[in-house]
Amino acid sequence: MVEENLIQVRENIKKACVRAGRNPEEVTLIAVSKTKPVCMIEEAYAAHCRDFGENKVQEIMDKEPQLPTDIRWHMIGHLQRNKVKYIVDKTALIHSVDSLRLAQEISSQAVKKQVDVDILLEVNIAGEESKFGIAREEAVRLAEEVAILPNIHVKGLMTIAPFVSNPEDNRQYFRQIRELSVDIGQKNIDNVTMSVLSMGMTLDYMVAIEEGATMVRVGTGIFGERNYG
Ligand SMILES: *Cc1c(COP(=O)(O)O)cnc(C)c1O
């Protein structure tokens with residue numbers, strides 16, 4: 001099932017790229033494996049998936065040692081400062097940085113472990129109360145503040161769009177994130193690039209790609225519904 005789903009999702013990504021006149025190689029599919037067992041990750045790995053997304057530190061710590069070392073782990077969930085030390089040297093990209101204090105902790109743990117950590121700034125683009133992330137007005141300042149910290153590099157923006165039944169309703173937000181990333185990029189802040197736009201999930205990744213996503217985070221569409229016990 002995982003393999004068939006992956007084929008379908010990759011096909012959809014290609015189609016969305018064609019519609020938008022983009023090269024499919026610009027888009028990285030992150031298989032969101034949260035709550036799913038190692039055996040399903042192995043199925044996706046066998047089907048050539050190398051990027052996996054998790055939202056809990058404990059789950060990355062459990063799964064990472066059981067799986068091939070060429071997997072790129074993406075931390076996509078809210079990250080508590082006291083847990084940063086467990087994952088800074090295990091993740092390829094932390095998508096969910098939403099405060100200077102968190103960035104400072106990532107930086108200091110990265111220095112301690114002598115690694116460089118790539119991060120995204122999480123923006124709450126629709127201003128939803130229930131969501132983490134900074135307001136769009138705060139993004140430039142946070143980028144400037146993180147830019148001067150050692151061993152941490154801002155690579156772009158991440159957003160979790162509202163839960164909607166019609167993905168077209170989120171097009172405006174994806175467009176706004178892209179515009180924001182262009183604005184920040186034009187400021188030419190040292191140590192900050194805006195090459196990554198992490199946006200789009202199972203229900204709306206095709207719209208997100210049409211609006212410029214370079215990373216889409218697809219869970220249900222690959223692994224099926226999640227069962228929270
Ligand atoms: C769970 C999750 C996803 C994947 O959601 P699906 O709707 O299952 O594709 C993507 N991004 C984040 C941040 C998540 O927590």
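Above this text you will find the structure in question.
These numbers were taken from a predicted model, which means no experiment stands behind them.

A. Focus on the site of the ligand. Every residue lining the ligand is accounted for by V32, K34, I76, I160, M201, T202, R217, V218, G219, T220 and R226. G219 is positioned with one of its backbone polar atoms (N or O) 2.8 Å from an oxygen atom of the ligand. A distance of 2.8 Å is found between an oxygen atom of the ligand and a side-chain nitrogen or oxygen belonging to R226. Summarising the interface, the protein chains cover 89% of the accessible area of the ligand, which totals 390 Å² for the free molecule. For the shell around the ligand, the class distribution of residues is 5 nonpolar, 3 polar and 3 charged.

B. Examining helix α1 (residues 2-20) more closely. In this model, α1 (19 residues) spans 27 Å end to end at C-alpha, consistent with the 27 Å of a helix rising 1.5 Å per residue. Considered for burial, the residues of α1 that qualify are V2, L6, V9, N12, I13, A16 and C17. The arc that holds every buried residue of α1, seen down its axis, measures 140°, which confines them to one face. Summarising the geometry of α1, the exposed residues directed more than 90 degrees from the buried face are E4, I7, V18 and R19.

Rules of the game
- Numbers given to residues run from 1 along each chain, matching the order in which its sequence is written.
- Reporting of local features is limited, given that this is a predicted model, to residues whose pLDDT is at least 70; pairs of side-chain atoms are given and counted only at 80 or more, and all residues count toward the totals for whole chains, interfaces and linings.
- Derived side-chain values reflect all non-hydrogen atoms in the structure, with water molecules and hydrogen atoms excluded from consideration.
- Whether a residue is near a molecule or strand depends on its heavy atoms: it is near if one of them lies within 4 Å of it.
- Counting of polar contacts relies on pairs of N or O atoms within 3.5 Å, with two restrictions inside protein: one atom must be capable of donating a hydrogen and the other of accepting it, and residues adjacent in sequence are counted only when both atoms are side-chain atoms.
- Per-residue accessibility takes into account occlusion by the displayed protein chains alone, with areas from the Shrake-Rupley method and a 1.4 Å probe.
- Each residue is assigned to one of three groups, with Ala, Val, Leu, Ile, Met, Phe, Trp, Tyr, Cys and Pro labelled nonpolar, Asp, Glu, Lys and Arg labelled charged, and all others, Gly among them, labelled polar.
- Numbered from the N terminus, helices here are DSSP runs of H or I no shorter than four residues, and strands are runs of E no shorter than two.
- Here the expected length of a helix is defined as 1.5 Å per residue gap, with one fewer gap than residues.
- Note on classification: 1.4 Å probe, protein chains only; a residue is buried when its accessible area is under 20% of the maximum for its type, exposed when over 50%, partly exposed between these limits.
- The directions from the helix axis to the C-beta atoms are what the arc is built from.

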